[in-house]
Amino acid sequence: MSAVTLPQATEMRQAQAVSQALHDAMQADDRVIVLGEDIAAAGGSFKATRGLLDAFGPQRVLDTPISEASIVSAGVGAGLTGLWAVVEIMFMDFITLAMDALVNQAAKARFMFGGQGSVPMVLRTPHGGGLSAGPQHSQCLEAWLAHVPGLKVVCPSNPQDTYSLLRAAI
């Protein structure tokens, strides 16, 4: 696969790179949907989904209830039915609430169906300290997730990597 680069050569923040990658992916493929808490009208906690609702409508940009297990389960179901869900979990700490859907369904689907099916889904979540967000909003659990067969974990460190890795994942 060739490298995917940001469309403009301007300086950009991580959230803007996420937003651009999501916009470009949704524009390129009608099967891409985005779901999570406060991602539609509010534009997400870090404004990474700002403008997507206006551009793609409520059928493809879905605000969900505050239930991480339900959000990831909906993403799994969407993937199994032919959509490509980009699921946002507000903070990585809350991924623990969705481990059944992520680890026992999404990650194992390809193995359970003998390679005949999979769950095309991207789970996106911010992690780490630096926001003074406290002990329940600052964990880095990517090493834990990287040990789950069937999951691929990436942690971009700059906007270009963020854009490229998210586009490649979708």
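Scroll up to find the structure this text is about.
## Notes on the overall build of the chain
The helix and strand inventory of the chain stands at 7 helices and 4 strands. The helix and strand sequence of the chain, counted from the amino end, reads α-β-α-β-α-β-α-α-β-α-α. Rg of the C-alpha trace for the chain: 15 Å, near the compact-globule value of 15 Å for 170 residues, within the 12% margin. With the C-alpha coordinates aligned to their principal axes, the bounding extent of the chain is approximately 45 × 40 × 30 Å.

## Notes on unusual backbone geometry
A positive phi angle, close to 55°, is found at Asp 38, a residue other than glycine. Summarising the element assignment, Asp 38 is placed in the loop between strand E1 (32-36) and helix H2 (52-56). In this structure Asp 38 comes out as partly exposed when scored by relative accessible area, which is 43%. The phi dihedral of Lys 47 falls on the positive side, at around 65°, and the residue is not glycine. Note that Lys 47 resides in the loop between E1 and H2.

## Quick look at the state of the cysteines
Summed over the entire model, instances satisfying the criterion amount to 0 disulfides. Cys 140 carries a free sulfur, and the closest cysteine sulfur to it, the one in Cys 155, is 8.0 Å from it. Residue classification places Cys 155 among the partly exposed positions, given a relative accessible area of 42%.

## Comments concerning the pattern of salt bridges
Tallying each qualifying case throughout the model produces 3 salt bridges. For Asp 30, the salt bridge identified is with Arg 60, shortest N-O distance 3.8 Å. Remark: Arg 60 occurs in the loop between H2 and strand E2 (61-63) and Asp 30 occurs in the loop between helix H1 (14-28) and E1; sequence separation between them is 30 residues.

How each quantity is defined
Residues numbered from 1 in each chain as written. Predicted model: local features only at pLDDT ≥ 70, side-chain atom pairs only at ≥ 80, totals over all residues. Heavy atoms only, no water. Helix = DSSP H or I, 4+ residues; strand = E, 2+ residues; numbered from the N terminus. Rg over C-alpha atoms; globule rule 2.2 N^0.38 Å. Buried < 20%, exposed > 50% of the residue type's maximum accessible area, 1.4 Å probe, protein only. Disulfide = S-S within 2.5 Å. Salt bridge = Lys/Arg side-chain N within 4 Å of Asp/Glu carboxyl O.

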